[in-house]
Amino acid sequence: MIEVRDLHKSFGKSEVLKGISTTFEKGKTNLIIGQSGSGKTVFMKCMLGLITPDEGHICYEGQDYSEMTLKEKRNLRQEMGMVFQGSALFDSMTVEGNVMFPLDMFTQQSRSEMQDRVDFVLKRVNLVDAHKKYPAEISGGMQKRVAIARAIVMNPKYLFCDEPNSGLDPKTAILIDNLIQEITREYNITTVINTHDMNSVMEIGEKIVFLKDGWKAWEGSNKDIFRTDNEAVTNFVYSSELFKKVRQMYIEERN
Amino acid sequence: MSYMTSIGSYAIMVVDLFRKPTKWHVMRSLILKEIDELIYGSLGIIIFISFFMGGVVAIQTALNISNPLIPKNLIGFATRQSVILEFAPTFTSIIMAGKVGSYITSSIGTMRVTEQIDALEVMGVNSLNYLVFPKIVAMFLYPFVVAIAMYIGILGGWIAGVFGGFTSSADFVQGLQLDFIPFHVTYSFIKSVVFAFIIATVPSYHGYYMKGGALEVGKAATVSFVWTSVVLIVMNYLLTQLLLG
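The structure displayed is predicted, hence computed values, not measured ones.

Regarding the overall build of chain B
- For chain B, the helix and strand inventory stands at 11 helices and zero strands.
- Element order for chain B, N to C, with α for helix and β for strand: α-α-α-α-α-α-α-α-α-α-α.
- For chain B, the C-alpha atoms occupy an extent of roughly 70 × 40 × 35 Å along the three principal directions.
- Within chain B, buried positions represent 41% of all 245 residues.

And the structure:
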């Protein structure tokens, strides 16, 4: 579980996060949604320790990140997996090399043990014949799956995904969403996803935090989002005619 | 003020890159890869340039000797002094700042733009140590490149001088041996070690701390070349004053 309390972050005179408090629960897919510039990426980078917040606390299983020693922070980072928006695979390494990288850096496993683990996670993300290919030789959807495989290879406690289905076709996007949700449940990890994809919100949003101009404007689940009358959320989520109709149908069905 | 900030950030980067070292078996393969990229990959251009550079020095010296009282062995002497003291260590370093420096800036800059450096940091890897330290170690082989540049430069001078009809082989070789001060070679190697560190770290700094997208990677490579050259020239002056002055 990740608990965030009163998080503030400014860059110069621009206040990006204005006191966010929320909890991301274990075994659930937690989504952070909001318009571009609402502070989602900065919020996630604060949780990852890539940006130091000005004020506030981020607690991992009750332990405050700002009070951890360097060694504790390093150990915590090895319990985190991250899927970047552009996958961030290492260009100079093959798919297999990318997935093996964290094992090679942080474990004492033998080559064959590492190979077994890599084969297992690549199979888990449905990539069985791409071991020797380079990132430039595979599709965007496959790159995302390699990134997920690399993120889970160390059996993380926390999985962070920054817009995991941006740039993907709708079918592949759903596959990636489902894969992330399956992995979250299978390994009982805390997953936090940054997204503006409304399909993801509806499909896998077990907990949703809506950010607006650096504030937490709303939180709830994908079921609650149909019922909410929070204007900021409805303006954002139901901006398209399709989703307006979906919501209307849901409300009529409930009545 | 921004210059002072940059110098401070550079100093912090140099300290940080020695913290939390990467596992040796990973580092070893990275160092070998960098030796291949930075040193072995530069030998062709360095040999080519050094050969013609030595030849041009010999020809220009010969063409400027109009007084028959000046001995022809001056051609060999001037070629040796120019190549060993300046052309091999300094001129070669400027070429390396262009070839190797822009490669370092653009490769690290691209990793920054595509979030590969963030990926390393999230995993708990000291990205500076992982990316920059192997380059520094590889560049410590740079004095060997300079030694090759010296040899090839003098060979170029000999070929241009003798086969161009400007001097005899005996005169040229006599000039090479005339008033030879071994410390000049040591001075040249000391400079090349310092220059190697500059060529590895200044472009790394510009790549690592760049902001923006693909366009900015190109701009960072250009700025990195300019600043690496400036630092090389200034350090060349300071080291010459310190060691020969």
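Details of the nonpolar core
- With 121 residues, the main nonpolar core has F43(A), M82(A), V99(A), A149(A), F160(A) and I199(B) as its most contacted residues.
- At 12 residues, helix α4 (residues 73-113) of chain B tops the list of elements feeding residues into this core.
- Those residues in contact with V99(A) that sit more than four places away from it in its chain are V118(A), V121(A), L122(A), V146(A), A149(A), R150(A) and V153(A).

Concerning the interface of chain B and chain A
- With 12 residues of chain B at the interface, the matching set in chain A holds 14 residues.
- Per-element accounting of the side of chain B that touches chain A gives the leading share, six residues, to helix α5 (residues 116-123) of chain B.
- Within the side of chain B that touches chain A, the residues separate by chemical class into five nonpolar, three polar and four charged.

Digging into the sheet that holds strand β4 (residues 55-60) of chain A
All names here are of chain A.
- Read from one edge to the other, the open sheet built from four strands follows the order β2-β1-β4-β5, with strand pairing classed as antiparallel. Looking at strand neighbours, the two that pair on one side only are β2 (14-24) and β5 (63-64), the edges of this open sheet.
- In terms of strand pairing, strand β1 (residues 2-11) meets β4 through five bridges, oriented antiparallel. Note on β4: the bridge partner recorded for I2 is Y60.

Here we look at the pairing of strand β9 (residues 207-212) of chain A
- For β9(A), the buried fraction is high: five of the six residues fall into the buried class.
- Hairpin connection, β9(A) to strand β10 (residues 215-220) of chain A: the antiparallel pair is bridged by two residues, and D213(A) has positive phi, about 50°.

Quick notes on the packing of helix α8 (residues 142-163) of chain B against helix α10 (residues 183-208) of chain B
Residue and element names in this part refer to chain B.
- Between α8 and α10, the shortest axis-to-axis distance is 8 Å and the interhelical angle comes to 130°. In this view, α8 runs oblique relative to α10, as classed from their interaxial angle. Here the hand of the crossing between α8 and α10 comes out right-handed. Within the contact between the two elements, α8 uses Y142, P143 and V146 and α10 uses S188, F189, S192, V193 and A196.
- Split into classes, the residues belonging to the contact of α8 with α10 amount to six nonpolar, two polar and no charged.

Some remarks on the sheet that holds β10(A)
Residues and elements named next belong to chain A.
- Pairing is mixed in the open sheet, where six strands are placed in the order β6-β7-β8-β3-β9-β10. Every interior strand has two partners, whereas the edge strands, β6 (80-83) and β10, have only one. Here the average twist between neighbouring strands, direction ignored, is 20°.
- Alignment of β9 against β10, held across five bridges, turns out to be antiparallel. Its bridge partner lying in β10, K212 is registered against W215.

Some words on unusual backbone geometry
Residues and elements named next belong to chain A.
- Positioned with a positive phi, D6 is a non-glycine residue whose angle comes to about 50°.
- Tracing the backbone shows D6 in strand β1.
- Backbone geometry at A88 places phi at a positive 55°, although glycine is not the residue there.
- Tracing the backbone through its elements, the reader meets A88 in the loop between β6 and α3 (95-106).
- Among the residues examined, A88 registers 24 C-beta atoms within 10 Å and is labelled buried.

Considerations on the packing of α4(B) against helix α11 (residues 214-244) of chain B
All names here are of chain B.
- Packing of α4 against α11 brings their axes to within 8 Å, and their N-to-C directions diverge by 145°. The handedness of the crossing between α4 and α11 comes out as right-handed. Where α4 abuts α11, its residues T90, S93, I94, A97, G98, G101, S102, T105, S106, G109, T110 and V113 lie against A214, V217, A220, A221, S224, F225, T228, S229, L232 and N236.
- Along the lines of polarity and charge, the residues of the contact of α4 with α11 split into nine nonpolar, 13 polar and no charged.

Thresholds applied
Residues numbered from 1 in each chain as written. Chains lettered and ligands numbered in written order. Predicted model: local features only at pLDDT ≥ 70, side-chain atom pairs only at ≥ 80, totals over all residues. Helix = DSSP H or I, 4+ residues; strand = E, 2+ residues; numbered from the N terminus. Buried ≥ 20, exposed ≤ 12 C-beta atoms within 10 Å, placed from the backbone. Core = buried A, V, L, I, M, F, W, Y, C linked by C-beta atoms within 7 Å. Contact = placed C-beta atoms within 7 Å. Nonpolar A, V, L, I, M, F, W, Y, C, P; charged D, E, K, R; others polar. Pairing = 2+ DSSP bridges. Axes fitted to C-alpha atoms, helices over the stretch in contact; angles between N-to-C directions. Parallel < 35°, antiparallel > 145°, perpendicular 65-115°, else oblique. Left-handed = near helix turned anticlockwise from the far one by under 90°.

By themselves these figures say nothing about function.
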